[in-house]
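Coordinate inspection notes
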4 protein chains.
Amino acid sequence: MTEAHQASEKFTWPVRVYWEDTDAGGIVFYANYLKFFERARTEWLRSRGIEQRALVESTGGMFVVSEAQIRYLKPARLDDELIVTAWPLEAGRASMTIQQQVFLKTPTGTHLLCEGTIRAGWVNAVTHKPARIPPTVLEALK
Amino acid sequence: MTEAHQASEKFTWPVRVYWEDTDAGGIVFYANYLKFFERARTEWLRSRGIEQRALVESTGGMFVVSEAQIRYLKPARLDDELIVTAWPLEAGRASMTIQQQVFLKTPTGTHLLCEGTIRAGWVNAVTHKPARIPPTVLEALK
Amino acid sequence: MTEAHQASEKFTWPVRVYWEDTDAGGIVFYANYLKFFERARTEWLRSRGIEQRALVESTGGMFVVSEAQIRYLKPARLDDELIVTAWPLEAGRASMTIQQQVFLKTPTGTHLLCEGTIRAGWVNAVTHKPARIPPTVLEALK
Amino acid sequence: MTEAHQASEKFTWPVRVYWEDTDAGGIVFYANYLKFFERARTEWLRSRGIEQRALVESTGGMFVVSEAQIRYLKPARLDDELIVTAWPLEAGRASMTIQQQVFLKTPTGTHLLCEGTIRAGWVNAVTHKPARIPPTVLEALK
């Protein structure tokens, strides 16, 4: 997959860093990048017509993260403007893998702060047992 | 109500301040004291034999906060050992009001950092409509 | 102060509800409305030209919340679109009081979910001792 | 390394699941396991005599996470009692790698819910540039 091709598939979502995101080290707390990742995945799904609360109600299922890998390169700070990306690496019948990045916006360009890979599986929302992704969802993710 | 009498009714719960609780100002983020309050209320209920997840499953109802008032006197910092209190000011048929405080533990004594009053109403867990607190819960709270 | 007058002074900020904001009761966790309030206050300050990280660095001071009062009327849920408001009730030399509300956006209008009053004092960022709000900040808040 | 040997080196820390930790899926939000990991690492350091706030003040440095890998096997729920472990896989001059697990405590035993590997580097607390771990810290970690 070429860079150009990747770029064309990247969904981007702006995130601003607030006091709630930072810690006493003066930087964004490491767990909170997973919140930013989740917001971008949710907005990527929404851009494909998938609203997750409606999905639980209509299908009885939901995505649950099964694996996460994150590399923290540079810290984000209070008031920073971030761009969070999401694009699918692969989608199977029961799970999908999403590549995600966090960039800092500056007047001179963007700088990569953090990147990760998230694997999410489809489960029954009550029993939490793995299940097949509903066809309508699979179709929307193509 | 005398101090001595109050003290005898106060439920206390230890809380340690971690990185997750602090913000870039070097102190505990103001919303997080409401987490500490909630932990102490939950443990106070547990000390009375009330487990909230089991309660939702058995009664279909739960407590939801309807009002909160908080005064922040001094900030808590990373690694601080706190004592959080909870004691009932009043309990009606559909709601209760809890007084809560956060103290800093130091070698020479405890210092009040924060105090608040929380009003919680009983609601149906699905419709979120107000309802009467189940008799078994009311009995446990006496 | 008339409603019309109030409305003209209200700063509004959109907030979307994500998984991170909700709890096992299916609704936004009560402490998280204070995060939404803080985001709206920060954006209101930014709209007046005040960036808080830069402010700490240039003045050595910051705002710290000293009092919060919140009334929770109806719960917000996953995927909800909220409008958060902020407007100054009063501003003194060392503190200010902000009125804040959270509205749910629906196709047929907006509904008040939560409202509160936040008092914030100016403190030295290192010693946390109360201090006078710098003139440039006071001027921007007028 | 045998299981028995590993067990002898494992630091364990109890964590209770509160409302703040859960999401509308009825389970602990995936980012919050990183909070549990961090609490266990902090308590493991404290058990070795290392208090992080004091460390920043005395050395001007701190640990910052550079990599995290997490596998989520089964979800934790409200009121669950968890055991979080931390043990060092390797410690270099500028970073260390910690293995961590989250177990559910039940009357019949413990069940693995989540496991991960955290790499943390030592940085200057102001510039965030990588630096060598101070000898006193290295000694305490042995």
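The sections below set out a description of the structure shown in this document. (Residues numbered from 1 in each chain as written. Chains lettered and ligands numbered in written order. Predicted model: local features only at pLDDT ≥ 70, side-chain atom pairs only at ≥ 80, totals over all residues. Heavy atoms only, no water.)

**Quick notes on the overall build of chain A**
Scanning chain A from terminus to terminus reveals four helices and five strands. Its helices and strands in sequence order give chain A the pattern α-β-α-α-β-β-β-β-α, from N to C terminus. With the principal axes as the frame, chain A shows a C-alpha extent of 45 × 35 × 25 Å. Within the span of chain A, comprising 142 residues, buried residues form 54% of the whole. Within chain A, residue pairs in contact and separated by at least 24 positions form 65% of the contacts whose partners lie at least 6 positions apart. (Helix = DSSP H or I, 4+ residues; strand = E, 2+ residues; numbered from the N terminus. Buried < 20%, exposed > 50% of the residue type's maximum accessible area, 1.4 Å probe, protein only. Contact = heavy atoms within 4.5 Å.)

**What to know about the relation of the copies chain A and chain D**
For the match of chain A to chain D, the screw axis carries a shift of 0.0 Å, the RMSD comes to 0.0 Å, and the turn is 180°. The relationship between the two copies is best expressed as a two-fold rotation axis. Of every C-alpha in chain A, the one belonging to Q69(A) sits nearest the axis of rotation, 2.2 Å from it. Most of the interface of chain A is mirrored in chain D, where 100% of its interface residues are also at the interface. (Least-squares fit on C-alpha atoms with pLDDT ≥ 70 in both.)

**Comments concerning the packing of aromatic side chains**
Applying the stated criterion across every chain, the model contains 24 aromatic pairs over all chains. Aromatic side chains F63(D) and W122(D) sit 4.9 Å apart centroid to centroid with 85° between the ring planes, which places their arrangement in the edge-to-face category. On the criterion of sequence distance, the pair formed by F63(D) in strand β2 (residues 61-72) and W122(D) in strand β5 (residues 109-124) is long-range, its members being 59 residues apart. Taking relative accessible area as the criterion, F63(D) reaches 13% and is therefore assigned buried. Look at W122(D) and you get buried, because its relative accessible area is 4%. Chaining the aromatic ring pairs together yields one cluster made of F29(A), Y30(A), Y33(A), F36(A) and Y72(A). (Phe/Tyr/Trp six-rings, centres within 6.5 Å; stacked < 30°, edge-to-face > 60°.)

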